[in-house]
Amino acid sequence: MARSRRGRGGPETVTATVGGGVAELRPDRDRPHGWTLLIDGAPQSHVDLADPSHLGFSYQRRLGHVADLAGPPGAPLRVVHLGGGALTLPRYVAATRPRSTQQVVEIDAPLVQLVREHLPLESTWRIRVRGADARAGLAKIQDDWADLVIADVFAGARTPAHLTSVEWAAEVRRVLRPGGYYAANLADGPPLAFLRGQIATVHTVFPELALTAEPAVLRGKRFGNAVLLAADRTLPLAELTRRAAGDPHAGRVEHGRALLDFTGGAAPVTDATAVASPSPPAGVFT
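Computed from a predicted model, the values in this text were never measured in an experiment.

1. A few points about helix α3 (residues 109-118)
- Restricting attention to buried positions, one finds in α3 the residues L111, V112, L114 and V115. The buried residues of α3 occupy an angular sector of 160 degrees when the element is viewed end-on, so they sit on one face. In α3, the exposed positions that point more than 90 degrees away from the buried face belong to Q113 and E117.
- Contacts from the buried residues of α3 go to β2 (12-18), β3 (21-27), β4 (34-39), α2 (88-96) and β8 (126-130).

2. Topic: the environment of F154
- With respect to the secondary-structure elements, F154 resides in the loop between β9 (146-151) and α5 (166-175).
- A relative accessible area of 24% places F154 in the partly exposed class.
- Taking the C-alpha atoms as reference, F154 lies 27 Å from L237; in sequence the two are 83 residues apart.
- Beyond its immediate sequence surroundings of up to four residues, F154 is in contact with T159, N185, A187 and N225.

3. Considering the packing of aromatic side chains
- All told, the structure shown has two aromatic pairs when counted by the stated rule.
- A cation sits over an aromatic face here: R196 above F262, 4.6 Å from the ring centre.

4. Thoughts on helix α1 (residues 58-69)
- Between its first and last C-alpha, α1 extends 17 Å over 12 residues, near the 16 Å set by a 1.5 Å rise per residue.
- Those residues of α1 not exposed but buried are S58, Y59, Q60, R62, L63, G64, H65, V66, A67 and L69.

5. Let's talk about empty space enclosed by the protein
- For the structure on display, the rule yields two cavities of 30 Å³ or more.
- For the largest cavity, the calculated volume is near 100 Å³.
- If you trace the largest cavity, you find it lined by A151, V153, T159, L163, W168, Y182, A184, N185, L186, Q198, V202 and L228.
- Sorting the residues of the lining of the largest cavity by element identifies β10 (176-188) and α6 (193-203) as the ones contributing at least two each.
- The element that contributes the greatest number of residues to the lining of the largest cavity is β10, accounting for four residues.

6. So, the pairing of β10
- With respect to burial, β10 is a largely interior element, 11 of its 13 residues being buried.
- Strand direction decides the pairing type here: β9 and β10, joined by five bridges, are parallel. The partner of A151 across the bridge, within β10, is A184.
- Two strands pair when backbone bridges link them, and β10 and strand β12 (residues 224-231) are joined in this way by eight bridges, in the antiparallel orientation. The residue bridging Y181 from the neighbouring strand is A231, located in β12.

7. Brief notes about the sheet that holds β9
- Read across the sheet, eight strands follow the order β8-β7-β6-β9-β10-β12-β11-β13 without closing on themselves; strand pairing throughout is mixed. This sheet does not close on itself; its edge strands, each paired only once, are β8 and β13 (252-255). Geometrically, the sheet is characterised by an average inter-axis angle of 15 degrees between neighbouring strands, direction not taken into account.
- Both strand β11 (residues 208-213) and β12 contribute to a ladder of six bridges, which runs antiparallel. Bridging from a neighbouring strand, A210 pairs with L229 of β12.
- Along the sheet face, α1 touches β9, β10, β11 and β12 and points at about 170 degrees away from the line of β10.
- Each of β6 (78-82), β9 and β10 is contacted by α5, which is oriented at about 140 degrees to β10, the strand it contacts most.

8. Focus on the side chain of D247
- Mapped onto the fold, D247 is located in the loop between α8 (237-245) and β13.
- At 3.1 Å, the side chain of D247 and the side chain of R61 are in polar contact.
- Contact partners of D247, with chain neighbours within four places excluded, come to R61, R62 and H65.

Here is what the cut-offs are and how they apply
In every chain, residue numbers begin from 1 and rise along the written sequence. Owing to the predicted nature of the model, reporting of local features is limited to residues with pLDDT of at least 70; listing and counting of side-chain atom pairs is limited to 80 or more, with chain, interface and lining totals taken over all residues. Hydrogen atoms and water are omitted, and side-chain values are computed over all heavy atoms in the structure. Accessible area is worked out with a 1.4 Å probe on protein chains only. A residue is then buried under 20% of its type maximum, exposed over 50%, and partly exposed in between. Going along the chain from the N terminus, every DSSP run of H or I of four or more residues is numbered as a helix, and every run of E of two or more is numbered as a strand. This arc is taken over the directions from the axis of the helix to the C-beta atoms. Contact between two residues is taken to exist if any of their heavy atoms lie within 4.5 Å; hydrogens are not considered. Only the six-membered ring of Trp is used, alongside the rings of Phe and Tyr, when aromatic pairs are assigned; centres must lie within 6.5 Å, and planes under 30 degrees apart are stacked while those over 60 apart are edge-to-face, with the rest tilted. Geometrically, a charge over a ring is one whose NZ (Lys) or CZ (Arg) sits within 6 Å of the ring centre while staying within 35 degrees of the ring normal. Under the convention used throughout, the expected extent of a helix is 1.5 Å for every residue step, that is, one less than its residue count. The rule is simple: put a 1 Å grid over the protein atoms alone, call a set of points where a 1.4 Å probe fits but cannot get out a cavity, call an open set with protein on both sides within 12 Å along at least five of seven lines a pocket, and count a residue as lining if it has an atom within 4 Å of a point. Grid points are joined across faces, edges and corners, and a volume is the space filled by probe spheres set on the points. We call two strands paired when DSSP finds no fewer than two bridges between them. Helix axes are fitted to C-alpha atoms over the stretch in contact, other axes to C-alpha atoms as well, and angles between N-to-C directions run from 0 to 180 degrees. What qualifies as a polar contact is a pair of N or O atoms within 3.5 Å, subject to a donor-acceptor requirement within protein and to the restriction that residues adjacent in sequence count only when both atoms come from side chains.

In structure tokens, the structure reads:
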């Protein structure tokens, strides 16, 4: 059951117990129609109901760049979102690419209910939300259906192990049409063993890769998010680099030989050897 806590002269904070823990929808003091979703105190998503094209978090902006470059400007796409959160990226695609068809796979049904109730979607948006585990939900999508698959799945602030393997990446490629993009939001910190392993893993399935993150994360100086982009065709690296450099928290793009060297010889991960991504260090979200 959701509970509300009144803010200082503004909207109320909404709190509810969901499958992943305690969810909070906090009003944004700087944007009158903005809301931040937190799970057990960890920020997950930001939504502006008046402007769904606004992406407040750095990792969401980087995923938004991928969506912008996944087809001709404004053209509709078929998109699969693995992990729903506050449905920020589906809203973004619907606003920037009208008539897009989108499927969202989110295992936390109470969270979906909370978001739908307090942060409703536009009735004209072609967004279908399916309650399922990401891998099980992906298995139900037909071959060569999607122009873009976005993986942004966390359980207790960690990416589940079964979404990190070669077998998982092969299932993503099955769903993508030729030339489609796979973008994964990954979180890691020094010594970046998880991130290096994910690059090696995805590269066994996709020939073209690029990684976008803040320089301090890539240097292993602090814990943070990195977006891994993969495809079976040449990537728009110059435009991706330009957009990342222009973000409020500027990012760097690694690709080609430099990215493969970055893996340091890490071995690809299989279902038999996969582990969840590391837990964030204490205090990283404060």
